[in-house]
Amino acid sequence: MINAQTFDLLHLIAREMKQCYDDLFGGIQVIAYGDFFQLPPVKGEFVFKSKIWQQYMTEVLVLTECFRQKEDAQFFRALNEIRFGQISDQTIDYFMTRCFEKDENLNTKYTRLFFRNMEVDVYNNNKIESIKHEGYWFYAKDVIKNPNIQCSFQIPAAVYLKIGAIVMLVRNINVEEGLCNGTIGAVILIENNAVWVKIECVKEEILDCSHADVGSRFGLPLKLAFFFYCS
């Protein structure tokens, strides 16, 4: 999402820092990654319109293997059609089978989608309160080494869980085993420092530009993700 003007500016700054004026970023090795089919820069032109980009960024590697949707070829194909803006009638019909106006029509495997986090929180709180099991709070432990830097963690500061709650992973733990950001499951057992989905407390670190640890959080990488609770 970086724009062309910022990319050129970073090149000039790095060149001055290294006192090397003939190479990209003053001779610093640069790997740029992203997806131009996703969101454009908030302001300015796409980075590939930069003169520096066009001059130096000549080697392109396209990643084609899908990991998150590798078990559902139809869903993966539908997402790719949306990505390229070439949506077939088959894909439209496929997504319309997931469109419901009332909860009682929802398949228990479907996740509810909302436009705003406030609506998500209200829905999830109502669902977990409807569960008859005892609830437990899990609080993360933060270590902030530089109070002048605001740390934004993926792991929530606190999470309230019950047996039967639908939860979603918010960090990649083991991609090969399917434990990646966005994975959804149901809580079947709660222990002191873990829940049986089973996902244990993990450590998340915030690094500054020099890769120094400026803050860390130790907690459950989960948040509520109810679609429909069946007792």
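The structure displayed is predicted, hence computed values, not measured ones.

> Would you take a moment to explain empty space enclosed by the protein for this structure?
Where empty space is left can be seen by rolling a probe of water-molecule size over the atoms. Summed over all chains, the structure comprises two cavities of 30 Å³ or more. There is about 50 Å³ of room inside the largest cavity. Mapped by element, the contributors of at least two residues to the lining of the largest cavity are helix H3 (73-84) and helix H4 (89-96). Per-class residue counts for the lining of the largest cavity are two nonpolar, four polar and two charged. Forming the boundary of the second largest cavity are Phe 138, Tyr 139, Ala 140, Ile 155, Pro 156, Ala 157, Val 159, Gly 219 and Leu 220. Here the lining of the second largest cavity is composed, by residue class, of eight nonpolar, one polar and no charged.

> Which parts of the structure should I look at to understand the sheet that holds strand E11 (residues 222-224)?
Sheets are built from strands that pair by backbone hydrogen bonding, the pairs being arranged parallel or antiparallel. The antiparallel open sheet is built from three strands, whose spatial order is E5-E4-E11. Each having just a single partner strand, strand E5 (184-186) and E11 make up the two edges of the open sheet. Direction aside, neighbouring strands of the sheet carry axes that sit 35 degrees apart on average. Here strand E4 (residues 166-169) pairs with E11 via three bridges, running antiparallel. Across the sheet, residue Met 168 finds its bridge partner in E11, namely Lys 223.

> Honestly, unusual backbone geometry in this entry has me stumped. Any pointers?
With the exception of glycine, most residues fall at negative phi, and the peptide bonds are largely trans. The phi dihedral of Gln 19 falls on the positive side, at around 55 degrees, and the residue is not glycine. Within the element layout of this structure, Gln 19 appears in the loop between helix H1 (4-18) and helix H2 (51-56). Overall, the relative accessible area of 55% leaves Gln 19 in the exposed class.

> How do you make sense of the side chain of Asn 3 when you look at a structure like this?
For Asn 3, the location among the structural elements is in the segment before H1. At a separation of 3.3 Å, a polar atom in the side chain of Asn 3 contacts the main-chain amide nitrogen of Gln 5. At 2.7 Å, the side chain of Asn 3 forms a polar contact with the backbone nitrogen of Thr 6. Ignoring any residue separated from it by four or fewer positions in sequence, one finds Asn 3 in contact with Pro 41, Lys 43, Gly 44, Glu 45 and Val 47.

> Which parts of the structure should I look at to understand the nonpolar core?
What tends to happen in soluble globular proteins is that the nonpolar side chains get buried as a cluster. Phe 138, Leu 161 and Val 195 are the most contacted members of the largest nonpolar core, which has 14 residues in total. Of all the secondary structure elements, the ones that give two or more residues to this core are strand E3 (158-161), E4 and E11. Residues within four places of Phe 138 in sequence aside, it is in contact with Ala 157, Ala 158, Val 159, Leu 161, Ile 190, Glu 191, Asn 192, Asn 193, Ala 194, Val 195 and Leu 220. Formed by eight residues, the second largest nonpolar core is a distinct cluster that contains Phe 7, Ala 14, Leu 24 and Trp 53.

> Would you take a moment to explain the environment of Gly 219 for this structure?
Examined against the element boundaries, Gly 219 turns out to sit in strand E10 (residues 213-219). Owing to a relative accessible area of 3%, Gly 219 belongs among the buried residues under this scheme. Between the C-alpha atom of Gly 219 and that of Val 159, which follows or precedes it by 60 residues, the distance is 9.2 Å.

> What should I look at first to understand the packing of aromatic side chains in this one?
How two aromatic rings sit relative to each other is set out by the distance from centre to centre and by the angle between their planes. By the definition in use, this model includes 12 aromatic pairs. Between Phe 7 and Phe 25, the ring centres sit 5.4 Å apart and the planes meet at 70 degrees, which makes this aromatic pair edge-to-face. One end of the pair, Phe 7, is in helix H1; the other, Phe 25, is in the loop between H1 and H2, with 18 residues separating them in the sequence. With a relative accessible area of 5%, Phe 7 lands in the buried category. Since its relative accessible area comes to 10%, Phe 25 is described here as buried. Pairing Phe 46 with Phe 48 gives two aromatic rings, centres 5.2 Å apart and planes at 10 degrees, and the pair type is stacked.

> What is the right way to read the environment of Cys 20 from this model?
The residue Cys 20 is located in the loop between H1 and H2 in this model. Those residues within four positions of Cys 20 in sequence are excluded, and the remaining contacts are Arg 15 and Gly 26.

What counts and how
- Residues numbered from 1 in each chain as written.
- Predicted model: local features only at pLDDT ≥ 70, side-chain atom pairs only at ≥ 80, totals over all residues.
- Heavy atoms only, no water.
- 1 Å grid on protein atoms, 1.4 Å probe; cavity = no way out; pocket = protein on both sides within 12 Å on 5 of 7 lines; lining within 4 Å.
- Points joined across faces, edges and corners; volume = space filled by probe spheres on them.
- Helix = DSSP H or I, 4+ residues; strand = E, 2+ residues; numbered from the N terminus.
- Nonpolar A, V, L, I, M, F, W, Y, C, P; charged D, E, K, R; others polar.
- Pairing = 2+ DSSP bridges.
- Axes fitted to C-alpha atoms, helices over the stretch in contact; angles between N-to-C directions.
- Buried < 20%, exposed > 50% of the residue type's maximum accessible area, 1.4 Å probe, protein only.
- Polar contact = N/O pair within 3.5 Å; in protein donor to acceptor, adjacent residues only side chain to side chain.
- Contact = heavy atoms within 4.5 Å.
- Core = buried A, V, L, I, M, F, W, Y, C linked by side-chain atoms within 4.5 Å.
- Phe/Tyr/Trp six-rings, centres within 6.5 Å; stacked < 30°, edge-to-face > 60°.

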